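Observations on chain architecture
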Amino acid sequence: MRTERGRRGAMAAERKVTITAIAREAGVSVPTVSRVVNGRSDVAPETRAKVEELLRQYGYRRRTHAPGDRAALLDLVFNDLDSPWAVEIIRGVEEVAHSSGIGTVVSAIHDRAGAARQWMTNLRARASDGVILVTSVLEPLLHNELHRLGVPIVVVDPAGAPALSAPTVGATNWAGGLAATEHLIQLGHRRIGFIAGPPRLLCSRARLDGYRAALESAGLPLDEELEVPGDFYHESGFHGCRQLMRLTDPPTAVFAASDQMAMGAIEALRQRGLRVPQDISVVGFDDLPEMRWSAPPLTTVRQPLAEMGKVAARTVLRQARGEEIDSPRVELATELVVRASTAAPAR
């Protein structure tokens, strides 16, 4: 007759067990199991013994480090790294990781399944202590594998609803879009063009919704021809602004959903012989460090990118230590920064 231990061993062979399953069978919380797995001392002896026994019976493999190696690592994963926006996020994560004596591994998966799978293989090999995903989408299979390994996850600016019930960190994008558009309306602008970000991203859709809400609140019509697509990068801002300026009744102001697109828009206007802000106003979103030095200095919506990185790092480290987090969704405040790229309309 098969013993209970044998039954569990067979079950473990048939499926890879998660710390969630261990917690459920032990009748304790997932953070408690995580504390045991990570060798924390703040677990009652009886509880620890019970969890340790289940870990042995299920053949749960701890992520171990070689003796004498600290090997504490955070994985920071972007879709792409070719943006000063990414640099600010990295700066925030690095500050927290460094102060905690933890290394940071930065990767880009470029929305390619093969690159994501290779990253997962590398992550298993280095036994990462936590993962921060930035506007990235992983296949459900890879999400499930992270969950099985017991690797805590935090998502910064999620592309959509996270596949796992992972904590998220973002900014008040809707309020930022509203504030930027209201600023232009208060200056007297009535036709305001909008260059959008990628529609798959929640932050992009929120900025567009904020823009529309401001127009509706002011009693201004929503004109689809004043909304043009973009992808957050310079070139799409350039082409989007050219599209707006070819309209029979072009806008007197342009709100770009990123600073890089705003810079592309300003270049398109310069090539048409138009001056900013004398002929047309431009507003961006992000407040990247170099925007104060642009010509003219850019009016933009500041989102605290470095702080978002810090909050994400603190959150994932708390999870790694088996601690409860304060909130599964954190939104940091945006702020309108008025500089010299906006003025009352010339006509």
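In this text the structure is predicted, and so the values were computed from the model without any measurement.

In the contact formed by helix H10 (residues 234-245) and helix H11 (residues 259-271), the axes pass within 6 Å of each other and the chain directions differ by 50°. As summarised for this structure, H10 and H11 are arranged oblique, according to the angle between their axes. Note that H10 runs across H11; the crossing there is right-handed. Contacts between H10 and H11 involve His-234, Ser-236, Gly-237, Phe-238, Cys-241, Arg-242 and Met-245 from the first element and Gln-260, Met-261, Met-263, Gly-264, Ala-265, Glu-267, Ala-268, Leu-269 and Gln-271 from the second. Considering only residue class, the contact of H10 with H11 consists of eight nonpolar, six polar and two charged.

With respect to topology, six strands assemble into an open sheet ordered S2-S1-S3-S4-S5-S11, the strand pairing being parallel. Among the strands making up the open sheet, the edge pair consists of strand S2 (103-108) and strand S11 (329-332). When the angles between neighbouring strand axes are averaged without regard to direction, this sheet yields 20°. As defined by bridge partners, strand S5 (residues 168-171) adjoins S11 across four bridges and the pair is classed as parallel. Within S11, the residue paired with Ala-171 across the bridge is Leu-332.

A separate point is unusual backbone geometry. Cis geometry is found at the peptide bond from Val-276 to Pro-277, where omega equals 10°. In this structure, Phe-232 is a non-glycine residue whose phi angle is positive, near 85°. Structurally, Phe-232 is set in the loop between strand S7 (227-228) and H10. Backbone geometry at Asp-287 places phi at a positive 60°, although glycine is not the residue there. With respect to the secondary-structure elements, Asp-287 resides in the loop between strand S9 (281-286) and strand S10 (299-302).

Further remarks concern the confidence of the model for the protein. Looking at the protein as a whole, the pLDDT averages 86, with 85% of positions reaching at least 70. Note that pLDDT drops below 50 for residues 1-15; the model gives that stretch 13 contacts with residues more than four away or on any other chain. Within the model, pLDDT remains below 50 along residues 64-71, and this stretch shows eight contacts once partners closer than five positions in the same chain are excluded.

The next subject is the pattern of salt bridges. A full pass over the atoms with the stated rule returns 17 salt bridges. Of the charged contacts, one joins Arg-91 and Glu-88 as a salt bridge, the two residues approaching to 2.6 Å between their closest N and O atoms. With Arg-91 and Glu-88 both in helix H5 (residues 84-99) and three residues apart, this pair spans about one turn of that helix. Overall, Glu-88 belongs to the buried group, its relative accessible area being 12%. Ionic pairing is found between Glu-95 and Lys-310, a salt bridge with its closest N-O pair at 3.4 Å. You can see Glu-95 sitting in helix H5 and its partner Lys-310 sitting in helix H12 (residues 305-320), a full 215 residues away along the chain. Overall, the relative accessible area of 45% leaves Glu-95 in the partly exposed class.

Criteria and thresholds
Per chain, residues are indexed from 1 in the order of the written sequence. Predicted model: local features are reported for residues with pLDDT of at least 70 only, side-chain atom pairs are reported and counted for 80 or more only, and whole-chain, interface and lining totals are derived from all residues. In computing side-chain properties, one takes all heavy atoms of the structure into account and sets aside hydrogens as well as water. To define axes, lines are fitted to C-alpha atoms, for helices over the stretch in contact only, and angles between the resulting N-to-C directions are given on a 0 to 180 degree scale. Helix numbers and strand numbers start at the N terminus; a helix is a DSSP run of H or I with at least 4 residues, a strand a run of E with at least 2. Note that the term roughly parallel is reserved for angles under 35 degrees, roughly antiparallel for angles over 145, roughly perpendicular for angles of 65 to 115, and oblique for everything else. Handedness of a helix crossing follows the sense of rotation of the near helix relative to the far helix, less than a right angle counterclockwise being left-handed and clockwise being right-handed. Contacts were defined at the residue level, with two residues in contact if any of their heavy atoms lie within 4.5 Å. By the convention adopted, Pro, Cys, Tyr, Trp, Phe, Met, Ile, Leu, Val and Ala count as nonpolar, Lys, Arg, Asp and Glu as charged, and the other residues, Gly among them, as polar. Two strands pair if DSSP finds at least two bridges between them. What pLDDT expresses is the predictor's confidence in each residue, scored from 0 to 100. Salt bridge, as used here: a side-chain nitrogen of Lys or Arg that lies within 4 Å of a carboxyl oxygen of Asp or Glu. Burial classes: relative accessible area under 20% of the type maximum marks a residue as buried, over 50% as exposed, and values in between as partly exposed (1.4 Å probe, protein chains only).

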